[in-house]
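Here are the chains, one letter per residue:
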Amino acid sequence: MNTVINSIHQLKKLATSTDKTTQIILRILAAVFGGYALTASVMAALALVLPWPKVDALFFISFLPALIYPAVLLWVFAASTAQRAWRDLLIVTLACDLLALAAAWLS
Amino acid sequence: MSRFITPAFTRAMSELHTWGGLVFGWLLFAIFLTGTLSVFEPELTHWMQPNLRSLQAEPVQAVTSADQKLRLLDPHADIWMIAMPQKRHQDLEIMWKKGKVTLEKHVDPLSGNIMKAHDTEGGHFFADFHYQLHSGKTGLWLVSLASVVMLVTLVSGIAIRRQVFKEFFRLRWRLNWLNAHTMTGVLTLPFVFLITYTGLTITFFMILPTVPQVLYGNTWHGPHTVASQNFDRPRANLPGEMVPLSQLLPHAEKELGKGNISFIRITNPNDRHAVVTFFRTVDDTIVAMSAKAAFDGVTGELIGTQSSWNKYVQAYRTLVGLHIARFGGYPIAWLYFLAGLTSCVMIAAGLIFFTIKRRSRYSRSNQFAQVMYRSIEALNTTAVMGIIVACTAFLWANRLLPVALKGRADAEITVFFLTWLLMLFHAFLRPPLRAWAEQTGLAALLCLGLPLLNALTSNVGLLPAISRNDWLTAGVDGTALLLGTLLAATSRRIFIKENGNKPQRSDSYGTSNPSH
């Protein structure tokens, strides 16, 4: 039990750390993995929401990831803190995922 | 907008540009250099197979030769393929696929004999390294990541030096590494954005399968199955007498234009459901999508043609066309080549500026910082000049390795990587400026020596090639001479600078070497 509390405590410390190295590592992780998750989520949501023939949607959406991924990377490094970047990323990604789920459920 | 451009924002963009640019700059230089060389992939392949020189033949003659050879070699293959002689791809190649094995031979279009070609990857190695670093999917991901960072450093670079456009257009060009980086940066900005965006769109299409998964699920069999019509039929398993391909060619040329056929694919040859599909060249169209005409292989009837596609498919294939630069012949190829080389200079100047800016700071720093700084200098040399040496060594290996060597194609590639590794050791062992001078000198020697080596080891040397109007081969030799001269001049300047630095060692580029 103690170890669990301890690790939660450690995690909390990490999540609120303003140490420069931690900030950079958190930002790089957000850029690479968060960027991937957000890009894939936007693409999935668009694919399900666009009321177009499949081929149209497939090739139209293919123009977007090369813009979204770099934009996310810039956003992550321009944010005032890494925690804020993570928060924003998670909100947008989850919103897109919910939209995709809703669209899939409705159709 | 100015609300966003706070000092903190500028600092963040500056750090992103500096460190992202450094770490991925090494990779990006390799990607840009091999990509630039890939513009002339057909020419390089032609140069690397010096014993494949046949006289020009009419398309109908080439088709007849290929047809006869395929009927003889494997009458019951799953697929036959014929790559037709073209302006920039002059060889007639036949391929046949049975199960998972594809075999490939060169055929003399006039005599119909098999021609023995050097076992080599040819210029394709550069193209393969360019987009997947010769390491499959991992390489594809690394290249994509580097491309994302390229676009990000483009934006962050503009964000931290907004005055750069003013300086560029007021011709305030000064001769230092920062200016070399920013001025070539402004000059190549449209090209770098175009090439990186289109390249990234292509690779993301391969490695981000989200949309196909969501829309098609298990019915997904690759983009070409939804982008273009499929005229193939399942095997009937009943024998069928194939109509001679030379009889179909005039009908195909009526659909696709005379002399425009670049590729022919025959599915289920000698089966009642054989289908012969003729593909049109994409060398004169910006939409890199082949128009096609399909015929019944037994009756010779036209099954169908396709020369227009869905508008988004066309838009996507236009991006592909803009990236591979095959649409405009030599004027466009040279434009891309020069723009690519200038982008390489931009990246290299950025990498060099990184070390120059920090030279004095690190010489006063602790041991760890000095070792790191020394490593960055050595890696810069290896990433920029080392790969130029390695690319040239790859061409040298093509002429020097014995023709009968087993696994010759792989051996050439091994030479490329070994040379690059050697350059890495060299860069760590020699004082930094000396390493630059020596590697640049070596690259110059290898480039300048290439036409000589070619003349000595083959019968397609510069003069015989010119006299035979073989401009593909002569072009490679000529370009090697030109680049070799540029490298030699650069090397000389570095040697002079290095010698000039020697008396006042305290100011030398080499003092940061911890061994001093």
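Residues numbered from 1 in each chain as written. Chains lettered and ligands numbered in written order. Predicted model: local features only at pLDDT ≥ 70, side-chain atom pairs only at ≥ 80, totals over all residues.

## Some remarks on the sheet that holds strand E2 (residues 92-98) of chain B
All names here are of chain B. Where we set the bar: For two strands to be treated as a pair, DSSP must find at least two bridges joining them. A run of H or I in DSSP counts as a helix once it spans at least four residues, and a run of E counts as a strand once it spans at least two, with each numbered from the N terminus. By the convention adopted here, residues are in contact when the distance between their C-beta atoms, placed from the backbone, does not exceed 7 Å. Axis lines are fitted to C-alpha atoms, over the contacting stretch for helices. Their N-to-C directions set the angle, which ranges from 0 to 180 degrees.
Ordered in space as E4-E3-E2-E1-E5-E6-E7-E8, the 8 strands form an open sheet in which the pairing is antiparallel. With one partner strand each, in any of the chains shown, strand E4 (114-115) and strand E8 (302-306) form the two edges of the open sheet. Sheet topology places strand E6 (residues 275-280) next to strand E7 (residues 292-296); 5 bridges connect them, and they run antiparallel. Within the sheet, the bridge partner assigned to valine 275 lies in E7 and is aspartate 296. Sitting on the sheet, helix H3 (residues 59-73) is in contact with strand E1 (79-83), E2, strand E3 (101-107) and strand E5 (261-267), with an inclination near 30° to E2.

## Considerations on the nonpolar core
Rule in force here: The term nonpolar core means buried Ala, Val, Leu, Ile, Met, Phe, Trp, Tyr and Cys residues held together as one set by C-beta atoms within 7 Å. Exposure classes come from backbone-placed C-beta atoms, where a residue is buried if 20 or more other C-beta atoms lie within 10 Å of its own, exposed if 12 or fewer do, and partly exposed in between. Where each domain starts and ends comes from a domain assignment, either automatic or drawn from a database.
In terms of nonpolar packing, the biggest core is built from 118 residues, with Met43(A), Ala47(A), Phe29(B), Leu33(B), Val389(B), Ala390(B) and Ala443(B) touching the most fellow members. Among the elements that take part in this core, helix H13 (residues 367-400) of chain B stands out by supplying 16 residues, more than any other. Per-domain counts for this core show at least three residues from each of domain 1 (1-51 + 120-223) and domain 3 (365-516) of chain B. Ignoring any residue separated from it by four or fewer positions in sequence, one finds Val389(B) in contact with Thr419(B), Met423(B), Gln439(B), Leu442(B), Ala443(B) and Leu446(B). If you look at the next biggest cluster of nonpolar residues, it comprises 32 residues, including Ala252(B), Ile264(B), Ala291(B) and Ala294(B).

## Focus: unusual backbone geometry
All names here are of chain B. Even without a glycine there, the phi angle at histidine 134 is positive, about 55°. Tracing the chain through its elements places histidine 134 in the loop between helix H4 (124-132) and helix H5 (136-160). By the C-beta count within 10 Å, which is 16 here, histidine 134 ends up partly exposed. Backbone geometry places asparagine 270, a non-glycine residue, at a positive phi of 60°. Its place among the elements puts asparagine 270 in the loop between E5 and E6. On the basis of neighbour count, asparagine 270 is assigned to the partly exposed category, with 18 C-beta atoms found within 10 Å.

## Considering the interface of chain A and chain B
The parts lose accessible area when they come together, and the size of an interface is often stated as this lost area. Test applied: Three categories are distinguished: nonpolar for Ala, Val, Leu, Ile, Met, Phe, Trp, Tyr, Cys and Pro, charged for Asp, Glu, Lys and Arg, and polar for the others, with Gly belonging to the last.
Contacts between the two partners involve 25 residues from chain A and, on the opposite side, 29 residues from chain B. When contributions to the side of chain A that touches chain B are tallied by element, the ones reaching two or more residues are helix H2 (20-49), helix H3 (54-61) and helix H4 (65-78) of chain A. Tallied by class, the residues present in the side of chain A that touches chain B amount to 20 nonpolar, 3 polar and 2 charged.

## A short note on the confidence of the model for chain B
Residue and element names in this part refer to chain B. Cut-off, in case you're wondering: What pLDDT expresses is the predictor's confidence in each residue, scored from 0 to 100.
Mean pLDDT over chain B works out to 90, with 96% of the residues at or above the 70 mark. Ignoring residues within four places in sequence, the model shows residues 504-516, a span with pLDDT below 50, making 26 contacts including any to other chains. ipTM for the predicted complex: 0.90, alongside a pTM of 0.91.

## A few points about H4(A)
Note the cut-off: Multiplying one less than the number of residues by 1.5 Å gives the expected span of a helix. Comment: arc refers to directions from the helix axis out to C-beta atoms.
In a regular helix each residue adds 1.5 Å, so 14 residues correspond to 20 Å; H4(A) covers 20 Å between its end C-alpha atoms and thus fits that length. Every buried residue of H4(A) is listed here: Pro65(A), Ala66(A), Tyr69(A), Pro70(A), Val72(A), Leu73(A), Val76(A) and Phe77(A). One face of H4(A) carries all of its buried residues, which in axial projection span an arc of 150°. Among the structural elements, H2 and helix H5 (82-106) of chain A together with helix H1 (7-38), H5 and helix H7 (177-207) of chain B are those in contact with the buried residues of H4(A).

## Observations concerning the domain arrangement of chain B
Taken domain by domain, chain B consists of domain 1 (1-51 + 120-223), domain 2 (54-117 + 229-308) and domain 3 (365-516). Relative placement of domain 2 of chain B and domain 3 of chain B: their C-alpha centres are 42 Å apart.

## Brief notes about the pairing of E3(B)
Residue and element names in this part refer to chain B. Sheet topology places E2 next to E3; 7 bridges connect them, and they run antiparallel. By the bridge assignment, lysine 98 is partnered in E3 with valine 101. Linking E2 to E3, which pair antiparallel, is a turn of 2 residues; within it glycine 99 sits at a positive phi near 65°. As paired strands, E3 and E4 are joined by 2 bridges and run antiparallel to one another. Of the residues in E4, the one forming a bridge with valine 107 is isoleucine 114. A loop of 6 residues connects E3 with E4, the two strands running antiparallel in sequence, and glycine 112 in this loop sits at a positive phi of about 80°.

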